[in-house]
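So you can see what is in the structure, the chains are spelled out below.
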Amino acid sequence: MNLPIFPPEDSPGSNFPELLERLGHTLPVPEGGMSQEFDTHATTIVAATYADGVLMASDRRATRGHSISDRTIEKVHPADKYSGISISGSAAFGMEMIRTFQLTLEHYEKIEGKHLSMEGKANQLSGLIRSNLGMAMQGFAVAPIFAGFDLNRGVGRIFAYDVLGGRSEKDDFHADGSGSITAGPVIKVGWKPGMSKEEVIELAVSGLYEAADDDAATGGPDVVRGIYPMVATITADGYHRVPDDEVAERFNALIARKTEQGHRP
Amino acid sequence: MSMSGFYVAPEQLMKDKADYARKGIARGRSLVALQYTDGILLAAENPSRTLHKISEIYDRIAFAGVGKFNEFDQLRQAGVRHADVKGYTYSREDVDARSLANAYAQTIGQVFTHEMKPLEIEILVAEVGLTIAGDQLYHILYDGTVMDEQGFSVLGGEAEAIAERLEESYEADMSFAAALAAAVNALNGDAEGDDRLIAEELEVAVLERTTGRRTFRRISHAELQPLVESPEEPEAEAPAEPTAKKDDKPEA
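Residues numbered from 1 in each chain as written. Chains lettered and ligands numbered in written order. Predicted model: local features only at pLDDT ≥ 70, side-chain atom pairs only at ≥ 80, totals over all residues. Heavy atoms only, no water.

Trainee: Just to check I follow, could you spell out the packing of helix α4 (residues 159-169) of chain B against helix α5 (residues 176-188) of chain B for this structure?
Mentor: Packed helix pairs are specified by the crossing angle of their axes together with the interaxial distance, meaning the distance between the axes. Residues and elements named next belong to chain B. Packing of α4 against α5 brings their axes to within 8 Å, and their N-to-C directions diverge by 150°. At the point where α4 passes α5, the crossing takes the right-handed sense. Across the interface between the two elements, Ile162, Arg165, Leu166 and Ser169 of α4 pack against Ala182, Ala183, Asn185, Ala186 and Leu187 of α5. Within the contact of α4 with α5, the residues separate by chemical class into six nonpolar, two polar and one charged. (Axes fitted to C-alpha atoms, helices over the stretch in contact; angles between N-to-C directions. Helix = DSSP H or I, 4+ residues; strand = E, 2+ residues; numbered from the N terminus. Left-handed = near helix turned anticlockwise from the far one by under 90°. Contact = heavy atoms within 4.5 Å. Nonpolar A, V, L, I, M, F, W, Y, C, P; charged D, E, K, R; others polar.)

Written out as structure tokens, the structure reads:
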């Protein structure tokens, strides 16, 4: 493989997506529509700020039309040490966007010798979503949530995006995906500023449980297989995935409570 | 290439270019890389805190350069681009120092032969293996020559003298502190007292054989201070026992 050297006046700088484009590694947008049944969809994602930073969580189901195509998909990923990205919408383009975003941040850091600011990262993601616009208009939209711990301000921050790349910052929480019409209100009602880690995990667990209950495309706790929604926290110590057994415990406790109460449809 | 009309033998052209490049490199400061127990250590005399001679290319690969800064920094950036694009289009495991070293050699050799002015640089591409046996050091010269080196590699102005000193003090499987002492002593040469290098004049980084994905770590001046300024006697047989502990905090 050749060494990509560019003259200074024509260099992509530290912009990884532009580098890919210049080297001919981006896919052209096909013309004509495609049935969405061919596209794998990923669903409910949530994020909420709390005392130590921010929490991100998602369900584990991917669907293709009416079928479940994946029971263990992970929709929340670290973007870099202090931030995370989760995707809803088209799974293929969503996962690709996560990968490109991770590389974009790391590439910048290596070329420039320092990290991007939180704003800079949020802006980069807007750009990536916008470059997916061709696909979005064909029905393969991706809507991510970007969240992280801002080392300068010492707080967790959440950025919500629409499918066109429009960005808005949320002080409190955000939910996206087909199950967000349920998860959103559940978290809204339970959220308060400065929650503890236990409280915010409990809230996320509730939101995802209720979303799975109402939305066919969102996966709830699968006690038979031991597959549960995933939860991650991002604090001054960085991105950490909450261990599966801890998440399982919360779900099992919730299920036990509801069973006892006689939870009826 | 335009000439005034007089014939110049190709050998003469190449020799002139080689002399030009060597002179440019000899003006600059030196750099050493050596294998130690937990990875590869890279150390350079560098008074600048911000303009780096040693940098991360990829998960297990580092770059180091001597000579004209803008020239080797451009190569550094090209190396990062090569690695990130290759890792993206194939996978992270497929990125290796050998293919990068070859790509560098081609580019540098091309410039040497076909451009008016050769690059006044010498570079090193290092890759840390899962064990010492897997470590790689590729030393690339101004004319595109690649040398695959074992144990240690020296770049820059006084390379021969420094290599001789390192030959005496280097041992396979040294601790970090011993390796650092050997490197700094070699870079110091005959300098005594106040002429000896202090922590602020050194740029040091390691590729650590850790379980983490990214193995590159810069060693801060604060970490270097106790190891560099405390008098480590240069010994031919056994390096002095390290008294200070290496800081294990991962880089943010």
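From this point, the discussion proceeds with the structure in view.
Trainee: Even after reading the chapter, I still don't get the interface of chain B and chain A, so can you show me in this structure?
Mentor: How big an interface is tends to be reported as the loss of accessible area on association of its parts. Each partner contributes to the interface: chain B provides 30 residues, whereas chain A provides 27 residues. Of the charged contacts in the structure, one is a salt bridge between Glu109(A) and Arg214(B), with a shortest N-O distance of 3.0 Å. Inspection of the chain B/chain A interface yields 14 residue pairs in polar contact (both at pLDDT 80 or more). Counting residues per element, the ones that place at least two in the side of chain B that touches chain A are β3 (54-58), α2 (69-89) and α3 (97-114) of chain B. (Salt bridge = Lys/Arg side-chain N within 4 Å of Asp/Glu carboxyl O. Polar contact = N/O pair within 3.5 Å; in protein donor to acceptor, adjacent residues only side chain to side chain.)

Trainee: Looking at this structure, how should I read the environment of His77(A)?
Mentor: Residue and element names in this part refer to chain A. Structurally, His77 is set in strand β6 (residues 76-80). Sequence spacing of His77 and Phe146 is 69 residues, and the spatial spacing of their C-alpha atoms is 10.0 Å. Non-local contacts of His77, meaning those with residues more than four positions away in its chain, are made with Gly84, Ile85, Met95, Ile98, Gln102 and Tyr239. A polar contact is formed between the side chain of His77 and the backbone oxygen of Glu74, at a distance of 2.8 Å.

Trainee: Would you explain the nonpolar core in this entry?
Mentor: The nonpolar side chains of a soluble globular protein tend to be buried, and buried together. Residue and element names in this part refer to chain B. Core analysis: the largest hydrophobic core is formed by 31 residues, its most contacted members being Val32, Leu34, Leu41 and Leu180. Elements with a minimum of two residues in this core: β1 (31-36), β2 (39-45), β8 (152-155), α4, α5, β9 (202-208) and α6 (221-229). Top contributing element to this core by residue count: α5, with 10 residues. With residues up to four places along the chain from it excluded, the contact list for Val32 reads Leu41, Leu42, Ala43, Ser153, Val154, Ile162, Leu166, Ala183 and Leu187. (Core = buried A, V, L, I, M, F, W, Y, C linked by side-chain atoms within 4.5 Å. Buried < 20%, exposed > 50% of the residue type's maximum accessible area, 1.4 Å probe, protein only.)

Trainee: Explain the environment of Val189(A) here, please?
Mentor: Positionally, Val189(A) belongs in helix α5 (residues 180-190). Spatially, the C-alpha atoms of Val189(A) and Leu203(A) are 9.5 Å apart, while their sequence positions differ by 14 residues.

Trainee: Before we go on, may I ask you to explain α5(B) in this structure?
Mentor: The α-helix advances 3.6 residues per turn, and as a result positions three or four apart in sequence lie on the same side. Residue and element names in this part refer to chain B. Here α5 contains 13 residues, and its C-alpha end-to-end distance of 18 Å stays within 8% of the 18 Å for a straight helix at 1.5 Å per residue. Within α5, 13 of the 13 residues are buried, leaving the element largely enclosed by the surrounding structure. Of the residues trailing α5, Gly189 is marked for its positive phi of about 65°. (Expected span 1.5 Å × (residues − 1).)

Trainee: What should I look at first to understand the sheet that holds strand β7 (residues 146-149) of chain B in this one?
Mentor: Within a sheet, adjacent strands bond to each other through the backbone by hydrogen bonds, running parallel or antiparallel. Residues and elements named next belong to chain B. The strand order β3-β4-β5-β6-β7 describes an open sheet built from five strands, whose pairing is antiparallel. Of all the strands in the sheet, just β3 and β7 have a single pairing partner and so form its edges. Averaged over all adjacent pairs, the angle separating strand axes in this sheet is 25°, with direction ignored. Relative to strand β4 (residues 61-67), β3 runs antiparallel, the two being bridged by four bridges. When the sheet's bridge partners are listed, Ile54 is paired in β4 with Ala64. (Pairing = 2+ DSSP bridges.)

Trainee: In this structure, what is going on with the pairing of strand β12 (residues 230-235) of chain A? I would like to understand it.
Mentor: Within a regular strand, the side chains alternate between the two sheet faces. All names here are of chain A. Counting buried residues along β12, six of its six residues qualify, which places the element largely inside the surrounding structure. On β12, burial covers both faces: Met230, Ala232 and Ile234 on one face and Val231, Thr233 and Thr235 on the other are all buried. Relative to strand β13 (residues 238-241), β12 runs antiparallel, the two being bridged by four bridges. Its bridge partner lying in β13, Thr235 is registered against Gly238. The antiparallel pairing of β12 with β13 creates a hairpin that spans two residues between the two strands.

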